[in-house]
Amino acid sequence: MKMFVRGQWVDKPQRIEVKNPLDGSIVDTVPRADAGDVDEAIAGAVEGAEIMRRMPAFERSQILRRAVGLINQRQEELAETITREEGKILAEARFEVSRAAETIDLSADEAKRITGEVLPLDAAPGGSGRLGFTLRVPCGVVAAITPFNFPLNLVSHKVGPAIAAGNAVVLKPASDTPLSALKLVEILLEAGLPPLAIACVTGSGGEVGRALCSDHRVRKISFTGSRDVGEAIAKTAGLKRVTMELGSNSPLVVLPDADLEKVARATVATAFANAGQVCISTQRVIALDAVYEPLLEAVRPLVEKMSVGDPFDEKTRVGPMIRPADAERVARWIDDAVKQGARVVVGGHRKGTLVEPTLVADVKPEMRISCDELFGPAVGVTRAASLDEAIHLANDSRYGLSAAVFTERLDTAMQFAREVQSGNIHINWGPQWRADLMPYGGLKQSGLGKEGPKYAVQEMTETKMVVIHGLE
Ligand code: NAP
């Protein structure tokens, strides 16, 4: 495919190969952009931002609503593109497409809800005879940088609110998965978005991403990806607003009163989706002594049943990981944990990018499989002697994106919700659950700010204070 810069589909002699994660075959190629292309894309977006600033909210909403219809029309093609470039099983890819439509639909709603507030200026000494109110105005040019793992919906979570808020957006999708993003650009243009209001620049994060983040014409950066790249971007960004959606090693705490059948189902559903490559995947199960062994026995048969393989095969539950190096890393971290005293209950084998869903018991908090972000299809189980110790272990992480507890007691659930340092808390399900309308974002080093169209629109607009004097 070509990239979209300053209102044109543009090609370059240098190409990036987009590979099928299953077998490394080439799915397509995209241009390898450089800093000059970023400069051109931003110049176009500056003009686009002027067009968008003047466009009525009704019209912005209508464009987004038409895009929803087009996403739905192209649902199967988009799902197959996601599976081909990202490797998730087709059922999950179809679900991602329906979520992307929902995200853009919510953005269309939010375009009509951007309001300010009236301030009681007469409440200030000397403030009488004045009327004060705020206006929320678009930031201007928004840079959107996205990861590989949800190549359509996470792009929608940035582009939808940016347009709803009246901005122009320059998108830099992950180099592994740029095709879904480029198709979304086609859709938005067909829906009537002014061509200068969007650019999609394909190229390496180190060159294209960095050039985008350092440019002073960009007023707002919305980034989703790894903690380390997020920190590098924050340093490059200087005086810009930033939203950061970063990683985690999400805990799931299991208390003695939990229904273990439900816990087992939730563990499997929330640890292995997208081969564990979800920012809120269950990575650390923390089980109290009384349920530790029974829980392993309840989870084991469900994991044994999961088939690994071709994501287009309807029987497959776990597809490939994105790159061979990531699959090797996950296998290595499992081996390291075993060398340090953990035991593999099920799984543990790897063939190419296919890693078996793996259940590891006797995991200690200092093992890499527990304390770093694994981002793969393995879950480690750790013992705790009490609720307090379980909460301590859940919080013993630099991350804080999502956390879950299974208990039948409301007071215990509320203690967990209050004491666990996490942007999302789930009671009686695993940490990996999201409705696209929720305020979504991490505490600690999992991020800054919130996504979800209502909240992203807030982050992609700025406040102006207006005071009318002389109204005695
Ligand atoms: P990544 O390596 O951090 O890359 C994310 C994006 O940043 C890519 O587009 C990448 O471009 C770009 N990039 C790399 N270096 C850059 C730089 N110096 N300046 C600007 N941009 C740069 O992450 P990933 O491997 O694609 O995705 C996995 C990570 O994303 C995990 O840590 C996961 O937890 C996190 N994630 C978080 C959320 C959330 O909502 N909190 C959701 C999904 C994923 P290239 O592809 O060209 O390198």
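Scroll up to find the structure.
Residues numbered from 1 in each chain as written. Predicted model: local features only at pLDDT ≥ 70, side-chain atom pairs only at ≥ 80, totals over all residues. Heavy atoms only, no water.

### Structural notes on the packing of aromatic side chains
Counted by the stated rule, this structure contains 2 aromatic pairs. Considering the side-chain rings of Phe 4 and Trp 9, the 4.8 Å spacing of their centres and the 55° angle between planes classify their relative orientation as tilted. Residue Phe 4 is classed as buried on the basis of its relative accessible area, which comes to 3%. Ring centres of Phe 148 and Phe 375 lie 6.0 Å apart, and the angle between their planes is 90°; this geometry places the pair in the edge-to-face category. (Phe/Tyr/Trp six-rings, centres within 6.5 Å; stacked < 30°, edge-to-face > 60°. Buried < 20%, exposed > 50% of the residue type's maximum accessible area, 1.4 Å probe, protein only.)

### Some details on the site of the ligand
Taken together, 30 residues form the shell around the ligand, and within it Thr 146, Ser 175, Ser 226, Leu 246 and Glu 373 come nearest. Note that a nitrogen atom of the ligand is positioned 2.7 Å from one of the backbone N or O atoms of Leu 246. Interatomic distance of 2.5 Å between a side-chain N/O atom of Glu 373 and an oxygen atom of the ligand. Within the complex, 87% of the 920 Å² of free accessible area of the ligand lies under protein. Sorting the residues of the shell around the ligand by element identifies helix H7 (205-214), strand E10 (220-224) and helix H8 (227-237) as the ones contributing at least two each. The biggest single contributor to the shell around the ligand is H7, with 3 residues. (Near = heavy atom within 4 Å. Polar contact = N/O pair within 3.5 Å; in protein donor to acceptor, adjacent residues only side chain to side chain. Areas by Shrake-Rupley, 256 points an atom, 1.4 Å probe, with all protein chains shown as cover. Helix = DSSP H or I, 4+ residues; strand = E, 2+ residues; numbered from the N terminus.)

### So, the environment of Asp 109
You can see Asp 109 is positioned in helix H4 (residues 90-111). Owing to a relative accessible area of 24%, Asp 109 belongs among the partly exposed residues under this scheme. Distance from Asp 109 to Leu 64, taken between C-alpha atoms, is 9.0 Å for residues 45 residues apart in sequence.

### Describing helix H10 (residues 289-304)
With 16 residues, H10 ought to run about 22 Å at 1.5 Å a step, and its terminal C-alpha atoms sit 24 Å apart, in line with that. Where H10 bends most, at Leu 295, the angle is about 25°. Buried within H10 we find Val 291, Tyr 292, Leu 295, Leu 296, Ala 298, Val 299 and Val 303. (Expected span 1.5 Å × (residues − 1). Bend = angle between axes of the 7 residues up to and from the residue.)

### Overview of the packing of H4 against helix H5 (residues 153-164)
Contact geometry of H4 with H5 gives a least axis separation of 9 Å together with a crossing angle of 15°. For the element pair H4 / H5, the angle class is roughly parallel. Helix-helix and strand crossings are classified by hand; for H4 and H5 the assignment is right-handed. Here Glu 96, Arg 99, Ala 100, Thr 103, Ile 104, Ser 107 and Ala 111 of H4 come into contact with H5, specifically with Asn 153, Ser 156, His 157, Gly 160, Pro 161 and Ala 164. Tallied by class, the residues present in the contact of H4 with H5 amount to 5 nonpolar, 6 polar and 2 charged. (Axes fitted to C-alpha atoms, helices over the stretch in contact; angles between N-to-C directions. Parallel < 35°, antiparallel > 145°, perpendicular 65-115°, else oblique. Left-handed = near helix turned anticlockwise from the far one by under 90°. Contact = heavy atoms within 4.5 Å. Nonpolar A, V, L, I, M, F, W, Y, C, P; charged D, E, K, R; others polar.)

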